[in-house]
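Below are the chains, spelled out letter by letter.
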Amino acid sequence: MKIPAEIIVDNWNELLRVIDDNFEGERKDKLKAMYTDLEDRMCMQPASSIDHYHNAFEGGYVDHVLRVIKCAKQVYMLWKSMGSDCDGYTMEELVFVALNHDIGKMGFPGEGNETYIPNDSEWHRKNMGRMYKVNPNNQFTLVNDLSIWLLQHYGIEITWNEMLGIKLTDGLYDENNKPYFMSRTADSKLKTNLGYVMHQADCMAARIEYEMWAKSKPNTIPSTPVNQSYGKKARAKKLGAIAENSQATATLKMFDDLFGDKK
């Protein structure tokens with residue numbers, strides 16, 4: 001999957017408008033300085049390394065970030081309209097987190113230190129969809145940790161809400177987030193829903209991007225119901241294997257009810 005060069009340029013200009021429209025003063029100046037410094041790298045970086053993850057193509061990162069910003073605003077309005085208390089953080093904090101949640105994917109400062117580099121193995125590209133690989137020259141780091149480090153590297157102050165929002169965007173995909181999302185006492189529960197909103201927005205954007213990729217690849221998503229696609233020979237073989245266990249009779253009936261030919 002590819003996007004045209006002119007769209008890459010348009011997306012970059014839209015990203016800069018997000019900074020102009022949502023921040024001011026020294027904070028805006030430092031954000032623009034960081035993004036300008038990373039422009040050449042950021043414009044061409046993918047959002048992931050594997051094609052069926054999301055946006056694993058040139059320009060995919062900025063496209064993903066713009067979608068997360070839009071999703072975050074929509075999810076925020078949904079939570080608010082359903083009666084959730086959204087007063088614990090500002091819209092500026094929400095946009096800041098959405099804008100910078102994945103900036104760690106840019107890698108470390110300096111030439112040749114980007115996180116993703118094109119995969120030089122055609123076999124892995126063709127057979128596993130691994131379009132990029134992680135730069136072996138960089139130190140290992142989690143994306144959200146590097147995101148927070150990069151912000152401080154460029155002298156951009158962040159609030160506690162923003163730091164936690166960036167950290168929690170990956171939700172329970174990151175084991176380190178369990179204590180925040182799975183608290184056992186009322187006092188230890190998150191004081192705002194920012195982490196939930198951001199995780200939902202990121203998941204939504206990534207899923208939409210996967211669907212866009214899938215539509216460009218025929219037969220990626222099966223269109224036939226399971227009970228129709230499961231052939232008679234395959235079903236008979238499966239039933240024969242199941243019959244060998246101690247609960248054969250009940251299991252056979254349940255399996256044939258689920259996958260048998262409809263009368």
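Draft legend 1. A look at the packing of helix H5 (residues 91-100) against helix H10 (residues 194-215). Viewed as axis vectors pointing N to C, H5 and H10 meet at an angle of 40°, and their least axial separation amounts to 11 Å. By the criterion of interaxial angle, the relationship of H5 to H10 is oblique. Pair H5 / H10 crosses with right-handed handedness. Here H5 contributes Leu94, Val97 and Ala98 to the contact with H10, which in turn contributes Leu194, Val197 and Met198. A breakdown of the residues in the contact of H5 with H10 according to their chemical character gives 6 nonpolar, no polar and no charged.

Draft legend 2. Broad picture of the environment of Lys191. For Lys191, the location among the structural elements is in the loop between helix H9 (178-181) and H10. Residues Lys191 and Gly88, 103 residues apart in the sequence, show an inter-C-alpha distance of 7.3 Å. Here Asp187 takes part through its backbone oxygen, which lies 3.1 Å from a polar atom of the side chain of Lys191.

Draft legend 3. Up close: the pattern of salt bridges. The tally for this structure, following the rule as stated, stands at 12 salt bridges. Where Glu26 meets Lys30, a salt bridge forms, and the shortest distance between an N and an O atom there is 3.0 Å. Of the two residues, Glu26 and Lys30 are both situated in helix H2 (residues 25-37); the distance of 4 residues between them amounts to about one turn of the helix. We note a salt bridge from Lys105 to Asp102, for which the minimum N-O separation is 3.2 Å.

Draft legend 4. Structural view of H2. Over its 13 residues, H2 runs 19 Å from end to end, which matches the ideal 18 Å to within 8%, given 1.5 Å per residue. Residues of H2 that are buried: Arg27, Leu31, Met34 and Tyr35. Seen along its axis, H2 keeps its buried residues to an arc of 95°; they face one direction. For H2, the exposed residues lying more than 90 degrees away from the buried face are Glu26 and Asp37. Looking at the packing, one finds that the buried side of H2 touches helix H1 (5-22), helix H3 (39-44), H5, helix H7 (143-153) and helix H8 (160-168).

Draft legend 5. The arrangement of the side chain of Thr169 in detail. Its place among the elements puts Thr169 in the loop between H8 and H9. Discounting chain neighbours no more than four positions away, the residues touching Thr169 are Val97, His101, Met198, His199 and Asp202.

Draft legend 6. The arrangement of the packing of aromatic side chains in detail. Summed over the entire model, instances satisfying the criterion amount to 7 aromatic pairs. Between Phe181 and Tyr196, the aromatic rings sit 5.1 Å apart at their centres with planes inclined by 85°, giving edge-to-face as the arrangement. You can see Phe181 sitting in helix H9 and its partner Tyr196 sitting in helix H10, a full 15 residues away along the chain. Residue Phe181 is classed as buried on the basis of its relative accessible area, which comes to 16%. Measuring from centroid to centroid gives 5.8 Å for Tyr210 and Trp213, while their planes differ by 35°, and the two rings are tilted. Of this pair, Tyr210 and Trp213 both sit in helix H10, separated by 3 residues, roughly a single helical turn. Taken together through their ring pairs, the aromatic side chains of Trp79, Phe181 and Tyr196 make up a single cluster. It is Arg27 that lies over the ring of Phe96; its NZ or CZ is 4.2 Å from the centre.

Draft legend 7. How the structure looks around the nonpolar core. Grouped together as the largest cluster of nonpolar side chains are 46 residues, with contacts concentrated most on Leu15, Met34, Tyr35, Met42 and Ile103. When residues of this core are traced back to their parent elements, those giving at least two are H1, H2, H3, helix H4 (60-81), H5, H7 and H10. A total of 10 residues in this core trace back to one element, the largest contributor, which is H4. In this structure, Ile103 is in contact with Met34, Tyr35, Leu38, Met42, Tyr61, Ser147 and Leu150, ignoring residues within four places of it in sequence.

Draft legend 8. Representation of the environment of Asn138. For Asn138, the location among the structural elements is in the loop between strand E2 (132-134) and H7. Measuring from C-alpha to C-alpha, the distance between Asn138 and Gly112 comes to 9.2 Å, with 26 residues separating the pair along the chain. Those residues in contact with Asn138 that lie beyond four places of it in its chain are Gly107, Phe108, Asn113, Glu114 and Thr115. Polar contacts involving the side chain of Asn138 include one to the main-chain carbonyl oxygen of Asn113, which spans 2.8 Å.

Draft legend 9. Spatial organisation of the packing of H1 against H5. In contact at an axis separation of 11 Å, H1 and H5 are set at 155° when each is read in the N-to-C sense. The angle between H1 and H5 falls in the class roughly antiparallel. Considering how the two elements wind past one another, H1 and H5 form a crossing that is left-handed. From H1, Leu15, Val18, Ile19 and Asn22 reach across to H5, where they touch Glu92, Val95 and Leu99. Taken together, the residues of the contact of H1 with H5 sort by class into 5 nonpolar, 1 polar and 1 charged.

Cut-offs used in this document
- Residues numbered from 1 in each chain as written.
- Predicted model: local features only at pLDDT ≥ 70, side-chain atom pairs only at ≥ 80, totals over all residues.
- Heavy atoms only, no water.
- Axes fitted to C-alpha atoms, helices over the stretch in contact; angles between N-to-C directions.
- Helix = DSSP H or I, 4+ residues; strand = E, 2+ residues; numbered from the N terminus.
- Parallel < 35°, antiparallel > 145°, perpendicular 65-115°, else oblique.
- Left-handed = near helix turned anticlockwise from the far one by under 90°.
- Contact = heavy atoms within 4.5 Å.
- Nonpolar A, V, L, I, M, F, W, Y, C, P; charged D, E, K, R; others polar.
- Polar contact = N/O pair within 3.5 Å; in protein donor to acceptor, adjacent residues only side chain to side chain.
- Salt bridge = Lys/Arg side-chain N within 4 Å of Asp/Glu carboxyl O.
- Expected span 1.5 Å × (residues − 1).
- Buried < 20%, exposed > 50% of the residue type's maximum accessible area, 1.4 Å probe, protein only.
- Arc of directions from axis to C-beta.
- Phe/Tyr/Trp six-rings, centres within 6.5 Å; stacked < 30°, edge-to-face > 60°.
- Lys NZ or Arg CZ within 6 Å of the ring centre and 35° of its normal.
- Core = buried A, V, L, I, M, F, W, Y, C linked by side-chain atoms within 4.5 Å.

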